[in-house]
Amino acid sequence: MKVVIVGAGIIGASIARVLSQYEGLEVHLLEKCPDVGMGVSKANTAIIHPGHEDDPNKYPLRAKLCVRGNRLWHQWAKELEIPVKWPGELMVAIEEEDLKTAEHYLELAQKNGVPGARIIYREELSKIEPNVNPDAAGALWAPTAGQIAPWEAVIALVENAVENGVRLHTETEVRGIRIEKGEVKGVETNNGFIEAEIVINAAGLYADEISKMAGVDGFSIHPRRGEYYVFDEDAGPKVTRIVHQTPTPITKGVYVITTVEGNLMIGPTAQDLPEEAKEDTSTTKEGLDFVWEWAQKLVRKLPPKSKVIKTFSGLRPEPPDGRWIIEAYDDPWGFVNVAGIRSPGLTSAPAIAVYVVNELLNGRLDIKLTKKAKWNPYRKSMPRFATLPKEKRQQFIKTNPAYGNVVCMCKEVTEGEIVEAINRMKRIGIKTITLDGVKFRTLSMFGTCQGSYCRIRIARIVARETGIPLWKVSLKGKGTEYGIGDVKVLLRNSKEEKKNAE
Amino acid sequence: MQNDYDVIVIGGGPAGLAAAIKAKEYGLKVLLLENRDVLGGIPLQCVHPGFGLHYFKEDLTGTEFIYRFIEKFKELGIEYYTGSHVMKIIPVSDIEKRLEVITPQGLLELTTTTIIYATGARERHIFEIGITGHRVAGIYTAGEAQTMMDIDGIMPGREIVIVGSGDVGLIMARRFALEGANVKAVIEIMPYPGGLTRNIVQCLQDFNIPLYLSHAVTRIEGKERVERVIVSKVDENLTPIPGTEREIECDTVVIAAGLVPYLKVLEKIGVMIDPATKGPVVNEYLETNIPGIFVAGNALVINDLVDYVVEQGEWAAESAYLYVKNQGIPSKKWRKIAKGRNIRLVVPHYVSGDRDVMIYARVQKPEENVKIRFPEIEKEVKLPVVRPAEMVRIKLRREEIKKAKDKITMEVVPND
Ligand SMILES: Cc1cc2nc3c(=O)[nH]c(=O)nc-3n(C[C@H](O)[C@H](O)[C@H](O)COP(=O)(O)OP(=O)(O)OC[C@H]3O[C@@H](n4cnc5c(N)ncnc54)[C@H](O)[C@@H]3O)c2cc1C
């Protein structure tokens, strides 16, 4: 049976991995960007939520799959060597009266089966998190909360899925879905028709458009923007826990976290944008000012603004009423929606994937799936030279001198790692090697200087390894090339224009 | 036990090369470590003139200037590694520092009596100067754009807006214009230009490139590549004034918003940093608070002339020589150089009165017809003008320094 998954974000990639366990499936993972995980899944808070934020009566799927997803990530992260940590989360009640809100969420935690959640008060709070605002009244403490490297999660899932037989098609945009007699026959793409009996829509912000192509109308997805500040890795004081505040009717406030890479990060905002703004990942002064103002209330002290190394924004794919649309249909048979996966989508991804396969494919559509006798659950992470013990480093350089050449000084990333990232991209079938792809795999250009020193050195390596001219190396594909030609291109062009005019 | 080296110089730009050459001439056992594949540092990519007027009494391009140092360095047979990176410095004792170095030849562990840290500076990027908007292609720091054009021979873009009117921004404006690009504007947040007057004339006016003073680029917009920037007037607090926004269409933004000493490895071992220079606090030997670790060039303070950088390199080499000879710098009665009126930064920070010392300083704002005054030692130097763009460089004589008790204030006062 042929299956097409539309979209290689965390959801599509998770589904691909789960499907790769089964016999007799030919799974095609389609992604319109040159690389995987470049949509919603790359820019978010990257928290593995404990599961106390969703009311099970209002959002049954979100409530159930979040808690399950949280649990599954322990196993998945281990198998796939994805950077995670489990620091626990504090929903801080700044004023006495906010404790009532905290208690409300404690109730939800109990309903949803979140282990270990309880209310703590000022004294214990400042012990658990020394950098929290010392005037805060207390907090809801949820020890099972975790954090993950979201882009590496997608990359790891896809690497593992491809290893187990899934085929990745990048730069392949689904433009239509062929349906005959109420049954799915395949998808039309910019690279031609791809046959499939099952089409799973995991297209993130564009899932409404894909769904329309299958004739399943009736919902639209609008972007809700979240903006962030990231501080330099040496900037502190950092927080140990995930810190945010009890939501108010006006705002959910923001998070203060230390990312798995070790940077203090604050955000996000929640700004609803019109439906057509699905690419507007810009930052704004108003948004960033909001983040700063609210983060300040949560902690003792923020580092100075001069220690900010990056600001960015992400877009949440908001479905109507915030309800995830995870469904299969009788007509068209074979079309499966996994749409509007807003937060806690990253947390829930493993559970959503299992749900889609068990409840929808196996259950609802009655497709009999049997597990392969041999399936490899493991994936090795990229070597991070800077963190290796001395003997290991020596050994790496001996076998490949490129590991002795530090290209990105801030994050101490070597040429060996850059080349390994490029090779891994090629191995999963990526056609255009982008600088963003290298960046998210190696964490080069992620440090204090944000690539002002090393971007050109990395571009040179990409040009060499892929045999294209340096100026054609792109940040994220077509239209984002590093340069416009050789250094005389403008003079030559204007000379030619003059000649032609004569 | 004997150390592997008397001095290890980290960084192979003008400061490092000058230091290594001088140290070798003093008879020290020297090793130089450079991260790039070639020696030379930033001047390699500077094809414009203005280098060496003081040092060689000649007007050279950066490339010509640095070539003379590289040749001399190689003539002297000084040991060096390119493609190397210092991961760690361990100050074992006053007379032993251990370095962990990565090179394509393998991991090295080296010991040395002294270190001259000459790693230069890094460039400030869009996030540090608070530009919001889209993170698209077509945004470069000035140094990156310069490397693209003059090392790699590729053109970054067609329609250029330059952020910052320091010398780097001005030189890049001209460099783009010379290759046929349309330089739409140079945007400067301060009410006065950041670069030398001769560069305003030769790089902007000669090419009809407009300079907007008291303006800031607040936002970059575009889908895949830059399509426009939003520019606002700023008030006296440098805050954008609402209602003054205007758009400039362009496909390239070049950030030339200043440099910051690049000190990653030093910061990790607790070297004291001066918030004004963003470089280390040093005494008259250019020695940091860790004995035997000296700093020179843009890693010490952002200089506007390569000649000063070389001067500091040679100065640090002499210090290393004295340190090796005497097994340390004897403790002294230090006098602090204090910042008075209209002085933004000054190095070195401490002087003793045992030797003459060159003082480098920058003012906060331009002022005409002034005196630089050191009240405690009754010294005055008249200057027709001082500008933030131009370092003030004054020698204090040892007998002058001795007059002060514990501090020497440096201030700018009107000359009446
Ligand atoms: C600001 C913010 C903060 C968040 N914080 C958290 C958090 O802390 N914890 C948490 O659990 N969740 C969080 N989320 C939610 C989480 O990020 C999302 O739920 C999740 O990433 C959604 O993944 P996805 O795979 O559905 O979407 P995406 O990652 O967008 O994947 C969809 C993919 O489909 C591709 N595509 C679209 N159209 C087509 C087409 N026609 N043909 C082919 N490919 C196509 C896209 O290019 C994209 O790569 C946050 C989200 C945001 C924006």
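Residues numbered from 1 in each chain as written. Chains lettered and ligands numbered in written order. Predicted model: local features only at pLDDT ≥ 70, side-chain atom pairs only at ≥ 80, totals over all residues. Heavy atoms only, no water.

S.K.: Tell me about the sheet that holds strand β23 (residues 343-347) of chain B, and please be specific about residues and values.
M.R.: All names here are of chain B. Here 3 strands make up an open sheet; going across it, the order is β23-β25-β28 and the pairing antiparallel. Unpaired on one side and paired on the other, β23 and β28 (392-396) mark the two borders of the sheet. Sheet twist, expressed as the mean angle between neighbouring strand axes with direction ignored, is 25°. Relative to β28, strand β25 (residues 357-363) runs antiparallel, the two being bridged by 5 bridges. Looking at β28, one finds that I359 is bridged to I394. This element, helix α7 (residues 306-326), spans β25 and β28 of the sheet and lies at about 145° to β25. (Pairing = 2+ DSSP bridges. Helix = DSSP H or I, 4+ residues; strand = E, 2+ residues; numbered from the N terminus. Axes fitted to C-alpha atoms, helices over the stretch in contact; angles between N-to-C directions. Contact = heavy atoms within 4.5 Å.)

S.K.: Quick one: what's the story with a positive patch on the surface, residue by residue and with numbers?
M.R.: Judged by side-chain charge, K278, K336, K339 and R344 of chain B come together as a positively charged surface patch. Inspection of the secondary structure puts K336 of chain B in strand β22 (residues 335-339). (Patch = residues over 30% accessible without salt bridge, like charges linked within 9 Å, V, L, I, M, F, W, Y side chains within 5 Å. Areas by Shrake-Rupley, 256 points an atom, 1.4 Å probe, with all protein chains shown as cover. Salt bridge = Lys/Arg side-chain N within 4 Å of Asp/Glu carboxyl O. Lys, Arg positive; Asp, Glu negative; His and termini not counted. Charge placed at Lys NZ, Arg CZ, Asp CG, Glu CD.)

S.K.: Any details on the nonpolar core? Residues and values, ideally.
M.R.: What tends to happen in soluble globular proteins is that the nonpolar side chains get buried as a cluster. Counting 113 residues, the largest nonpolar core has I5, W73, I200, I326, V336 and V338 of chain A together with F176 of chain B as its most contacted members. The element best represented in this core is helix α8 (residues 345-364) of chain A, accounting for 10 residues. Among all residues touching I200 of chain A, those that are not within four sequence positions of it are V3, V4, I5, V6, I15, L19, V336, V338, V356 and L361 of chain A. Core analysis: the second largest hydrophobic core is formed by 92 residues, V9, L31, Y117 and L305 of chain B among them. (Core = buried A, V, L, I, M, F, W, Y, C linked by side-chain atoms within 4.5 Å. Buried < 20%, exposed > 50% of the residue type's maximum accessible area, 1.4 Å probe, protein only.)

S.K.: Mind laying out the UniProt feature "domain: BFD-like [2Fe-2S]-binding" (unreviewed entry) in chain A, listing which residues take part and the relevant values?
M.R.: Within the UniProt annotation, "domain: BFD-like [2Fe-2S]-binding" (unreviewed entry) is assigned to residues 406-463 of chain A. The span residues 406-463 of chain A is 52% helix and 9% strand, and its two end C-alpha atoms sit 18 Å from each other. (UniProt positions renumbered as here; feature names shortened; annotations may be inferred.)

S.K.: A description of the site of the ligand should follow, citing residues and the corresponding values.
M.R.: Residue and element names in this part refer to chain A. Looking at the ligand, there are 39 residues lining it, with E31, S41, I47, I341 and T347 nearest. Here T45 contributes a backbone N or O atom positioned 3.4 Å from a nitrogen atom of the ligand. A46 is positioned with one of its backbone polar atoms (N or O) 3.4 Å from an oxygen atom of the ligand. In the complex, 97% of the free accessible area of the ligand, which totals 1000 Å², lies under the protein chains. (Near = heavy atom within 4 Å. Polar contact = N/O pair within 3.5 Å; in protein donor to acceptor, adjacent residues only side chain to side chain.)

S.K.: Residue-level account of helix α3 (residues 98-112) of chain A, with values.
M.R.: All names here are of chain A. The end-to-end C-alpha distance of α3 is 21 Å, a good match for the 21 Å that 15 residues give at a rise of 1.5 Å each. Turning to α3, its buried residues are D98, L99, A102, Y105, L106, L108, A109 and N112. Taken down its axis, α3 places every buried residue within 160° of arc, on the same side. Facing away from the buried side of α3 by more than 90 degrees, the exposed set consists of K100, Q110 and K111. Immediately downstream of α3, the backbone of G113 shows phi near 75°, a positive value. (Expected span 1.5 Å × (residues − 1). Arc of directions from axis to C-beta.)

S.K.: Report on the confidence of the model for chain B, specifying residues and quantitative values.
M.R.: Within chain B, residue pLDDT values average 96, and 100% of them lie at 70 or more. Listed scores for the predicted complex are pTM 0.96 and ipTM 0.96. (pLDDT = per-residue confidence, 0-100.)

S.K.: How would you explain the UniProt feature "domain: FAD dependent oxidoreductase" (unreviewed entry) in chain A if you had to name every residue and give the values?
M.R.: Per the UniProt annotation, the sites labelled "domain: FAD dependent oxidoreductase" (unreviewed entry) are residues 2-357 of chain A. Between the C-alpha atoms that bound residues 2-357 of chain A the distance is 14 Å, and the span itself is 28% helix and 28% strand.

S.K.: Pulling in residues and values, what's your account of the domain arrangement of chain A?
M.R.: Residues and elements named next belong to chain A. With domains assigned, chain A is organised as domain 1 (1-83 + 144-221 + 319-381), domain 2 (89-143 + 225-310) and domain 3 (386-485). For domain 1 and domain 3, the distance between their C-alpha centres works out to 29 Å. Counting residues at the interface gives 18 residues for domain 1 and 17 residues for domain 3. For the pair domain 1 and domain 3, the two sides together bury roughly 1400 Å², of which 55% comes from carbon and sulfur. For the interface between domain 1 and domain 3, the tally reads 2 salt bridges. Ionic pairing is found between D35 and R441, a salt bridge with its closest N-O pair at 2.8 Å. Between the two partners, domain 1 and domain 3, sit 7 residue pairs in polar contact (both at pLDDT 80 or more). Each residue belonging to the side of domain 1 that touches domain 3 can be placed in one class, and the counts come to 8 nonpolar, 4 polar and 6 charged. (Domains from an automatic or database assignment. Buried area = accessible area lost by both parts, 1.4 Å probe. Nonpolar A, V, L, I, M, F, W, Y, C, P; charged D, E, K, R; others polar.)

S.K.: Outline the UniProt feature "domain: FAD/NAD(P)-binding" (unreviewed entry) in chain B, supporting the account with residue identities and numerical values.
M.R.: Following the UniProt record, one finds the feature "domain: FAD/NAD(P)-binding" (unreviewed entry) at residues 5-300 of chain B. Taken end to end, residues 5-300 of chain B is 20% helix and 34% strand, and its two terminal C-alpha atoms sit 23 Å from one another.

S.K.: Explain the interface of chain A and chain B residue by residue, including any values.
M.R.: Between chain A and chain B, the residue contacts involve 58 residues of the former and 52 residues of the latter. Taking both sides of the interface into account, the surface hidden between chain A and chain B amounts to around 4500 Å²; carbon and sulfur atoms contribute 53%. On the chain A side of the interface with chain B, the three residues burying the most area are I484, V487 and L490 of chain A, jointly 13% of the side's total. Where chain A touches chain B, the interface holds 7 salt bridges.

S.K.: Tell me about the packing of aromatic side chains, residues and numbers included.
M.R.: Residue and element names in this part refer to chain A. Going through the model one piece at a time under the given rule, you end up with 23 aromatic pairs over all chains. For the ring pair F231 and W292, a centre distance of 5.9 Å and an interplane angle of 55° mean the geometry is tilted. Taken together, the residues F231 in strand β14 (residues 222-231) and W292 in helix α7 (residues 285-298) connect sequence positions 61 residues apart. Here F231 falls in the buried class, since its relative accessible area comes to 0%. (Phe/Tyr/Trp six-rings, centres within 6.5 Å; stacked < 30°, edge-to-face > 60°.)

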